[in-house]
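A closer look at the structure
So the chains spell out like this:
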Amino acid sequence: MRRILPAIFFVALTVSSCRRPSGQEHFVRGDGPYTFEIDFGDSLAVYDIDFYTVVDSPDGPAETPLLVRWSKDTVVFTEQVFLPLEGEGRYSREVRAPYRHGVTMADPGIWQIDVSVVESVPGLRGMGIAVSRDGSR
């Protein structure tokens, strides 16, 4: 019995580590445009998507327009959204804002999301995207 318990524990640990992660985060440094490849492969899942960044400047606009382009195979659509730039910190602000919540994919798979900052933001370090997946639709 003493030998079988470690084996059972090892198998349980191995099986639980094979689960698909419930989220993805990617950050691209620099001025952009920023390109992200996101796996929306689960057609039964509901996805929440946030943008995040860090702004190393106490001054600057309260928000900035972003041009967001989605593409997969021959499907392409583009939209302009506004990213609020309020955040924690006196000289360096950490910003995280919801982009789309409750998204379901009619065309599952790997999508490319290109994000361009339309107007220059002093101190912008880059752009990040966070995607969380809830498998209960």
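Refer to the structure presented above.
Residues numbered from 1 in each chain as written. Predicted model: local features only at pLDDT ≥ 70, side-chain atom pairs only at ≥ 80, totals over all residues. Heavy atoms only, no water.

Right, let's get into the environment of Ile110. Along the chain, Ile110 turns up in strand S7 (residues 109-117). Separated by 74 residues in the primary sequence, Ile110 and Phe36 have C-alpha atoms spaced 10.0 Å apart. With residues up to four places along the chain from it excluded, the contact list for Ile110 reads Glu37, Ile38, Asp39 and Lys72. (Helix = DSSP H or I, 4+ residues; strand = E, 2+ residues; numbered from the N terminus. Contact = heavy atoms within 4.5 Å.)

We now examine the side chain of Ser71. The topology assignment puts Ser71 in strand S4 (residues 63-72). Leaving out residues up to four positions away in the same chain, Ser71 has contacts with Val76, Trp111 and Gln112.

Across the two faces of strand S2 (residues 34-40) the burial differs, with Tyr34, Phe36, Ile38 and Phe40 buried and Thr35, Glu37 and Asp39 not buried at all. Of the strand pairs in this sheet, S2 and S7 are connected by seven bridges, and their pairing is antiparallel. Paired with Phe40 across the two strands is Gly109, which belongs to S7. (Buried < 20%, exposed > 50% of the residue type's maximum accessible area, 1.4 Å probe, protein only. Pairing = 2+ DSSP bridges.)

Take the nonpolar core next. Counting 28 residues, the largest nonpolar core has Phe40, Phe51, Leu66, Trp70 and Met127 as the members making the most contacts within it. Not counting the four nearest positions on each side in its chain, Trp70 is found in contact with Phe40, Ile49, Val75, Val76, Phe77, Glu79, Tyr99, Met105, Trp111, Gln112 and Ile113. (Core = buried A, V, L, I, M, F, W, Y, C linked by side-chain atoms within 4.5 Å.)

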